[in-house]
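# Coordinates in review
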Amino acid sequence: MSKIIKRTLVLAAVFLGALGIYLAAAQRTMNQSEAVYTVMEEPSLPTVYAEMFEGEESRLVPYRQEMGQAVSRENLTVVPEDRQLKLRIADCETTIMAVQYEIRSMDLKRLVERTQVENWEERDGQIRLVLPVQNLLSRETEYLLHLMMETTDQGVLHYYTRILWTENDYGPAMMALAREFSTKSLSPAQAADLVTYLETSSTADNSSLGHVTIKSSFSQLTWAGLEMQLEGEMRVTLRDLDGIMGQIQVQYQVSRQSEAGEKEYYEVNDYYTMRWNTKRIYMMSFDRITNQIFSGERELYSGRRLMLGIGNDEAIQVEKSPNGRYLGFVFNRDVWCYDQKEARATKIFSFRSASDTSGRSGYDRHNSQIISVNDEGDMDFMVYGYMNRGRHEGVQGISLCRYEHSGAIQERIFIPVTESFDEIRLDMEKLSYHNDMGMLYLFRNQAIFGIDLSSNEYMIVADNLTEGCYAISRDGGKIAWQEGTDIYQSAIIHWFDLATGMTQEIRASEGDAIQCLGFVQEDFVYGLAEEGGTWILNGRTEGLPMYALEIVNPDLELQTRYEKEGYYITNVVVENARIHVERYRKDGEHSYVHIDDDTIVCNTPEEEAYMEGIGWFASEIRRKLYFVQLDSEVKSTRNVKVAAAKQITYDSSETLSLESESRLSPVEFYAYGQGRLLGVYKEFEEAVNRAYEEMGMVTDKYQRILWNRVDRGSAITIRDPHRAAYEIIRNLGTFTEEMVTDNSIMLLDARGCSLNQVLYFIGQEIPVLAYTDNDSYVLLNGFDQYNVSIFYPETGQSVKMGLNDGREYFESRKNDFICAVKVGD
């Protein structure tokens, strides 16, 4: 018996000793604060780099699907003078069997060249080849280059870039200035050279290092003395080179030692818009976006705060389980979950990799979004955009996943997409809603889809949705859309509650039309108009003025009716808790005259629910710092446990192709600024106004530039305006909306644009047609820094008018312009 006891004590001592060693080792591991990573296959597809000038390159990422010109705005490659475009292929882990390339017009309708590359060589661990571009390119015209690479085990890979053969030589100087600016801003001493480019303003927001602009203070520009250190190399990308305008993006990672002695990492994107003249390069805008990389280290849990650090509103999302125990959050594209009861943080998803040194896993053209978190800690989430690694590496799409609190991740649905990441992002911002019945609703391709997450089946809720004919509530829980495709001839509005699946209809009285206007929280706003009461101005429809406006609650019970006899309402803007309207009187069958403006103020203020659970405070050292608000205080950081989810599995994943029945191919305008797509608009004037704010530009759906704020000289005179405006004048009788003539001239309805904005078209050597009175028009055929030149076709007389006087004159005539721009060679 004593031997048994003795042996038991020995075994117990051994066990306790082993346990102590294990706990000490585990404690040391946790104290090392090593980053945690999601288990996933490492990137395996090769990246192609197109050489340009002075060592700069364009990075072309691989796609497993054909993308057309959808992703072409990611970079611009300048073709060398001899048109021998040199490429290098890096990180090639497969055997290349064949290489072919195509060059097409941006609308893909004209094939310029298709060539099979016969030779390539391996040198210094990379593959080198030359594309012998034929002498078929027109100068200063953008084309789409599509490179196809057939491999032994990766199939056919597709690479895209816009190419430009230009005589302008200032692209290298602009890229060098961008690199120098970003580099010197890391050193206050060197940054003194940059002061001449700043436009520091006393009204600028200097509270956050997450967003710095050309108007920020010198301290903001130089990181407020944080002694940031560059990690790796800066990647400089030429985004656009249009006339005298250049847009450059600089991407890099910086680090610093925190006050606790830990190393912090930050992702930085610097966007530059520059303008060239013979004397110097002018910096028209500078925009820096910085987001910290959340490591999950124990020191980040303090009191009732889970510290995220420096960032931006759009980089953060928080979702709480119904019982409040689990907090799911997204920060800088990474998905985490925090168990408040067990003080356990789990990194659920990230494309980042500890072993990948190529930069492929850090490619940032994707985002993550939490769909729901349940009371057991399970989470539904999605990743959308470009898939950096894993099963769908090189595919653009939407991955719907389920994380189980046991640590497993299962992909449930994958939706391939052939639009750009920015287009997917904008659709997600319009509508991405999950209800308690397991239905996920997404806006895609002018349609709203409902996906049953239990059966992986989908239905089309609404189709053929064009701007102005539908409305979505702020929380995404209610939608309304007009029946039919004509915005001015609908008699029925369909109303759908996504939370309950209940549908209702609002019908106009006989002889009336009905229009969707928007939501004030859950209350719906619509307008009533007389059928056939369209407002025709200079041969084009201006709108359908309404005689009444009604506001109904979610039960469609009337709350307010806005109406005044003899008055008509148009240009309605529903904004937060206010409804702004313009009021008119009818003075002809299809004509109206403006009387005044009015505002309807709703009693309940709009709630900013999208930042619920997220807080920030002002740090003396790092300025504005974001945190996730915890329900209870973290007693000791030593008790916080950090882990990563297990490997993602795809066993039960299904591929869905969300196909709508849309028969529409609407004219749309894409507003770009600060390196991203700002919005897609039906009206050209709306796109111009949005891009104007960001020193940006407007393209059509084929990525052809239609308007550019920066690419405009200081003076020009078109000597023969009548001849130069021939394409506009000969189509004037049939022009009702945007069209492209046989001579590759696009006519644009620029009504609503300012005089200053339409001067761009004169700079492109095509006059602007401006309506005056009684269907009469003049041609604007020149400008300088003081005047605009006006040509009267009836008399052949040309006069000058001061820019301010011209602005007032054309504003009083509703800025009714028709413009034209060349869109092909």
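Heads up: the structure comes first, above all this text.
Not measured: the values here are computed from a predicted model. (Residues numbered from 1 in each chain as written. Predicted model: local features only at pLDDT ≥ 70, side-chain atom pairs only at ≥ 80, totals over all residues. Heavy atoms only, no water.)

## Description of the overall build of the protein
Along the backbone of the protein there are 10 helices and 58 strands. Compactness check: the protein gives a C-alpha radius of gyration of 30 Å against a globular reference of 28 Å for 825 residues, within 12% of the reference. With the principal axes as the frame, the protein shows a C-alpha extent of 120 × 70 × 55 Å. Across the 825 residues of the protein, 55% fall into the buried class. In the protein, once contacts between residues fewer than 6 apart in sequence are set aside, the share between residues at least 24 apart is 58%. Accessible surface computed for the protein: about 36,700 Å², of which carbon and sulfur atoms make up 45%. (Helix = DSSP H or I, 4+ residues; strand = E, 2+ residues; numbered from the N terminus. Rg over C-alpha atoms; globule rule 2.2 N^0.38 Å. Buried < 20%, exposed > 50% of the residue type's maximum accessible area, 1.4 Å probe, protein only. Contact = heavy atoms within 4.5 Å. Areas by Shrake-Rupley, 256 points an atom, 1.4 Å probe, with all protein chains shown as cover.)

## Remarks on the pairing of strand 4 (residues 84–90)
For strand 4, the buried fraction is high: five of the seven residues fall into the buried class. Where strand 1 (residues 47–51) lies against strand 4, four bridges are found, and the strand directions are antiparallel. When the bridges of strand 4 are listed, Thr47 appears paired with Ala90. (Pairing = 2+ DSSP bridges.)

## Comments concerning the packing of helix 6 (residues 684–692) against helix 9 (residues 755–763)
Contact geometry of helix 6 with helix 9 gives a least axis separation of 11 Å together with a crossing angle of 100°. Classified by the angle between their axes, helix 6 and helix 9 sit roughly perpendicular to one another. Residues Phe684, Val688, Asn689 and Tyr692 of helix 6 form the contact with helix 9, whose participating residues are Asn756, Gln757 and Phe761. Looking at side-chain class alone, the contact of helix 6 with helix 9 contains four nonpolar, three polar and no charged residues. (Axes fitted to C-alpha atoms, helices over the stretch in contact; angles between N-to-C directions. Parallel < 35°, antiparallel > 145°, perpendicular 65-115°, else oblique. Nonpolar A, V, L, I, M, F, W, Y, C, P; charged D, E, K, R; others polar.)

## A closer look at the side chain of Asp711
With respect to the helices, strands and loops of the structure, Asp711 is situated in the loop between strand 50 (705–708) and strand 51 (716–717). Arg275 is the oppositely charged side chain nearest to the buried, salt-bridge-free Asp711, at an N-O distance of 7.3 Å. Excluding residues within four positions of it along the chain, Asp711 makes contact with Asp242, Gly243, Ile244, Met245, Tyr760 and Gln764. (Lys, Arg positive; Asp, Glu negative; His and termini not counted. Salt bridge = Lys/Arg side-chain N within 4 Å of Asp/Glu carboxyl O.)

## Some details on the sheet that holds strand 33 (residues 512–520)
One open sheet holds the four strands; their spatial order is 33-34-37-38, and the pairing between them is antiparallel. Strand pairing shows two members of the sheet lacking a second neighbour, strand 33 and strand 38 (558–563), which therefore form its edges. On average, adjacent strands in this sheet sit at an angle of 20° to one another, irrespective of strand direction. Bridge count between strand 33 and strand 34 (residues 523–530): eight bridges; the pairing is antiparallel. Within strand 34, the position partnered with Val520 by the bridge is Asp523.

## Quick look at the sheet that holds strand 20 (residues 344–349)
With mixed pairing, the five strands of this open sheet are ordered in space as 17-18-19-20-44. The sheet is open, and its two edges are formed by strand 17 (316–320) and strand 44 (641–644), each paired on a single side. In this sheet, adjacent strand axes meet at a mean angle of 20° when their direction is disregarded. Of the strand pairs in this sheet, strand 20 and strand 44 are connected by four bridges, and their pairing is parallel. Directly across from Lys347, in strand 44, lies its bridge partner Ala644.

## Looking at the environment of Arg638
Along the polypeptide, Arg638 turns up in the loop between strand 43 (623–634) and strand 44. Through-space distance from the C-alpha of Arg638 to that of Ala343 is 9.9 Å; in sequence the pair is 295 residues apart.

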